[in-house]
Amino acid sequence: MRTTLPILATLGMLLGLVACEPASVTDARNQLARGPADTVRYVLPLATDTLDRSDLDIQGDTVIGGLQGVAFDPESVSVAVADDLQFQNVTVTDVAVSFDPAVLAAAPPGTLVDSTAQFPALATEPRLQSIDQVDVLAGTLTLTTSNRLVETVTYTVTFVGFLDPTGSPLTASSVLPAAPGDGSYTTDVLVFDLANGTLLPSSAVLDLRATATLSGSPLNAANADNAILQVGIADFDVLALSGPLDPQVTAELTDSVEDFTEVTLGSVDFGKFEDAVIASTLNAATGTLRFRNTADAPVELANFALGAVQLTPTGQVPRDPATGVPLYETDGAGTPILIPVTDPGQSTLTVPRTGTNTITVPMPQLADRVVHLLLGGSRVAVVGSGDASAGDGQPSRITRTDSVYLVTDLFVGFDFTVPDTGVVITENSLQDGLDFTQNDIDDIVQNLLVRAGVTAVVTNSTPFALDIDLAYAPGDLGNADAFLDPNAVVVSPIQVSAPTLDAAGRVTAPVVDTVEILLVGRDIEPLLGIEFTATLRTRVRPGPGGNNRAALGDGDEAIFNSSVVIDVKRGGGQ
Amino acid sequence: MKRLLLALMTGALVVAPARAQTVPETSPAARVEPAYRRTPQLRVDPFRHVLTPRWGMVFSVGAFGSNNALSAADIRALVFLENQDSLLISDILNAIGLIPLGKDALLDAQAEAGVYLGGPLGGHLSLGLSYQGRGYGSFVVDREMVSLLLEGNAAQQQFSVGDTKAGGLATQEIGAHAMVRLGPLGSEDGVHMSVGAGGRYLLPIAYGEERTLLEDAQVLVSGQLVSANVDIQAAHTPNVQFAGRGSGIAMDFLLRMDWPTSGVYFEGLLGNIGKVTIDQVERRRLTFNVNSTDIQEIADSLEAVEFAVQDTVDGLSVTLPRFVRFSGGAWANRILQLDMSATVPLGGDFQIPLAVDLWSTWRLVPAVPLRLGLVLGGSTGIGYTAGIGVETRNLLLQVMGGSFGGWFNDAKGAAARFELGVFF
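Source: prediction; values computed, not measured. Each chain carries its own residue numbering, running from 1 in the direction its sequence is written. The naming scheme follows written order: chains are lettered A onward, ligands numbered 1 onward. Two thresholds apply to this predicted model, a pLDDT of at least 70 for residue-level local features and 80 or more for giving and counting side-chain atom pairs, whereas whole-chain, interface and lining totals are computed over all residues. Hydrogens and water are ignored here; the side-chain numbers use all heavy atoms of the structure.

**Notes on the interface of chain B and chain A**
For clarity, the cut-off: The contact rule is simple, with two residues in contact once any of their heavy atoms fall within 4.5 Å. Defined here as a combined quantity, buried area equals the accessible surface (1.4 Å probe) lost by two parts on assembly, summed across both. By salt bridge we mean one thing: a side-chain nitrogen of Lys or Arg within 4 Å of a carboxyl oxygen of Asp or Glu.
Across the boundary between the two partners, chain B contributes 68 residues, which contact 50 residues of chain A. Summed over both partners, the interface of chain B with chain A comes to about 4500 Å²; 65% of that surface belongs to carbon and sulfur atoms. Of all residues in chain B, the largest losses of buried area upon contact with chain A belong to Arg76, Phe80 and Asn94 of chain B, amounting jointly to 14% of the total for that side. Across the contact surface, chain B and chain A share three salt bridges.

**Considerations on the sheet that holds strand S26 (residues 489–496) of chain A**
All names here are of chain A. Quick reminder of the rule: The pairing criterion is simple: DSSP has to find at least two bridges between the two strands. Only DSSP runs of H or I reaching four residues or more are called helices, and only runs of E reaching two or more are called strands; each is numbered from the N terminus. Note on definitions: angles span 0 to 180 degrees between N-to-C directions of axes, and those axes are lines fitted to C-alpha atoms, for helices only across the stretch in contact.
The strand order across the open sheet formed by four strands is S23-S28-S25-S26, and the pairing between neighbours is antiparallel. Both outer strands of the open sheet, strand S23 (423–432) and S26, are each paired with one neighbouring strand and no more. With strand direction ignored, the average angle separating the axes of adjacent strands in the sheet is 15°. Strand direction decides the pairing type here: strand S25 (residues 464–474) and strand S28 (residues 531–542), joined by eleven bridges, are antiparallel. Bridge pairing in S28 places Asp469 opposite Arg537.

**Some points on the packing of helix H8 (residues 438–448) of chain A against helix H4 (residues 89–96) of chain B**
Operational definition: An angle below 35 degrees is treated as roughly parallel, one above 145 as roughly antiparallel, one from 65 to 115 as roughly perpendicular, and anything else as oblique. Lys, Arg, Asp and Glu make up the charged group, whereas Ala, Val, Leu, Ile, Met, Phe, Trp, Tyr, Cys and Pro make up the nonpolar group; the residues left over, Gly among them, are polar.
At a minimum axis separation of 8 Å, H8 of chain A and H4 of chain B run at an interaxial angle of 50°. With respect to H4 of chain B, the axis of H8 of chain A lies oblique. Residues Asp440, Asp443, Ile444, Asn447 and Leu448 of chain A of H8 of chain A form the contact with H4 of chain B, whose own contacting residues are Ile89, Ser90 and Leu93 of chain B. Taken together, the residues of the contact of H8 of chain A with H4 of chain B break down into four nonpolar, two polar and two charged.

**Concerning the packing of aromatic side chains**
When we look at a pair of aromatic rings, we describe it by the centre distance and by the angle of the planes. The cut-off we apply is this: Within 6.5 Å between ring centres, the rings of Phe, Tyr and Trp (the latter by its six-membered ring) count as paired, and their orientation is classed by plane angle as stacked under 30 degrees, edge-to-face over 60, tilted in between. We call a charge positioned above a ring when the Lys NZ or Arg CZ atom is no farther than 6 Å from the ring centre and deviates by at most 35 degrees from the ring normal.
Counted by the stated rule, this structure contains twelve aromatic pairs over all chains. Measuring from ring centre to ring centre gives 5.3 Å for Phe159 of chain A and Phe192 of chain A, while their planes differ by 85°; the resulting arrangement is edge-to-face. Of this pair, Phe159 of chain A sits in strand S8 (residues 153–163) while Phe192 of chain A is found in strand S10 (residues 186–193), placing the two residues 33 residues apart along the sequence. Within the aromatic cluster, the residues linked to one another by ring pairs are Phe159, Phe162 and Phe192 of chain A. Here the guanidinium or amino end of Arg537 of chain A rests over the ring plane of Phe483 of chain A, the centre of that ring lying 4.0 Å away. The lysine or arginine in question, Arg256 of chain B, covers the ring of Tyr265 of chain B, its NZ or CZ lying 3.9 Å from the ring centre.

The values are spatial; any link to function lies outside them.
Quick look at the structure:
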């Protein structure tokens, strides 16, 4: 261009010598417009936009079974398998000591009787027989000893296999008062603290030594049979169990478990589809349940199910006052929406010792309920509850801190049942204009532009038809609706046809449609300034054939191949 | 070659009928100095002052410029609006709309100023020495690119960049030309033949050019796609420098045949055969590749485009605008001489399109010729020329001007020449 300037200058100088200056701007303008009136059409590509999953602004964008979907943030619950494991009414011993009546009758006064005997402990407790070792958190062993001899009896008991925290067997001595001789018993009670002690059931033995000095009373012979009775009952909480644990044998290894976790609105983001989700029913959702067992014993979950509840204002799970069962969300028939958690083809789910198990279960109804509650502003929790059993008869060990952790990855597919009226998605956006000065804008509108039209050839492979209303107004309106702005330009509605869908709401074949926008006169003015706000109302309707069901495949997209046609007038002394 | 043949035929048509008329020896026309019979040109004429009637010195300045779109009034209107800060987009588009459809957008200019010393040595030899400055400039936008602007792209989407370019060259020149004059040959009424040759030593002063480096570069503009592969090189000397910037040689040749007693002549002039090499030329390059369906993307690409300095080179060769000019004329009438010349471009840079100059010289007062003429062709179609001279034994004064494409306000080009000579 710099080489052109001297040439222009030379020519201008030469021609300027022979030309008169225009009298006015209007004269000058008319001079330049002396050419014949003409309208010139310029056709330019505007954009090739592809509306696909990346445009939905979804966080946690994913694909489920070929459907576009969204993933919730993982939610965790933990099921403690031994946090309240306890044994009650454990019969440690049930002993009856009898004497020979003839010996007692013949014994002169002052005869010292010193009897020592060993009795199996826990012999009547199958619950503990398959357990090698019980580490006790807390508990007591109550030993009640009765005497119907008319003699004072001194006794010492030692529980072999019942170890105190130092590892020594539990032992104690006491005295049984003399009975009146009428067959009734006097009683003495010894209480052993089992806290932090250890039980070794297979070697549990009661070692009893009793001594008495006979008075020579004939009543002793009359009460010789079952003269001394001893019953030991233990109640204790378990810190750890080891051995061939078998819940079939030890019912305490099976416990009811329940936990919940609150699902927050921030854990899921449907992006621009949120409005559509609110107005639709979700037909596809999958939960991937990842179990992890910290116990060195397999854990079987029975009757385990996931449900959803609306939390109380204080964040608690609401419950049926009568049964204590969580008030789960229900379907239209009032039936709680519960998702059974089992291994495929099984009625229970087993998590191997110190291992994991992952299953996938469909849960569209639960997901739909959770999503709509969340988007409706409710506090929602997912509750997992059922029975957990530890052990399988093989050598195992569980501790009070062992748990089965459940991490739920919930994926919701964009498979909607959309109402007949469709759903409206409204979006405001601030756009840069072409940044012309006001003089240039007036010039373009008044002198230059005949019309501007945008034509878009839309290849639509989404399951939706789109009815688009567009309005734009100069400046930044923030979130205000441009349709309500007095300076807004409202563009004629645009309709994009939908493909035919199959029964599952999936696109059978894309459809090609052409849409046009025509702008004349001042319509274009907001686009020429610094910036403008556009409000887009898109009514999404399902395509035909799906019975209102529309499933958005991961590869579905709408390609807008748009061009702009600008007719510019020129010349004619305008 | 077609244009050359056309010019030869045109000259022959003029000369052939004129030869049939005989000029009496006593005719005033016959007493006109042969050198003055060679009608001055508004265009470049390297032999102009070799044929001075006697030794003397001539100062000359002339300029010639034209375009095929904007008239003088248009240019004044643009300048006026710009000065009023009122130039609008529609004004610019209206101005662009004045480019004739189907034509290249053309802008060309030439200017020269110099001093000449020359005269006859004996009866058969003339010498001329010259020192002058000369400038050439041209701007061409290919007709297909013009079509894109004028007709849009609704009907046509593929456009050739063609020979779109712009450039300018300024030189100072030292020249020496000689002419051998022979005749009359055969008889007293025979032909007087003049054969001339000369050369000029050129020193470039300044240079600039922008042109595409791609042959047959195409631009596709459709509703679906804009595709362009543009590779433009801009070369220029960063400042004006009168020495040490290279050199060049240009040769000029002339063959002229006069039949004085018949009052006709025919002349062929081959001029500006040469090149100039220029040193210290800074080259910049603009590469722009776009293949997009997105107008915003295209706009962003254009915003990012700028020339990048490529290198500085010596010895850049520029071919001068070669031309051949066929002239013929007759002065059978007592006071009237008619001339016709066709200037045909023969390649090189800064060419001016083929133009035919028609002159009538009226010697109502023999020493004060009045000249009126027409120009056909060139960038403007038709033009009008006029001039007045004082041609005496010791003094030469020429004032000439031209208005091309129309009169004054309607003119799309103009030319002027002023000459003042003193002979000893």
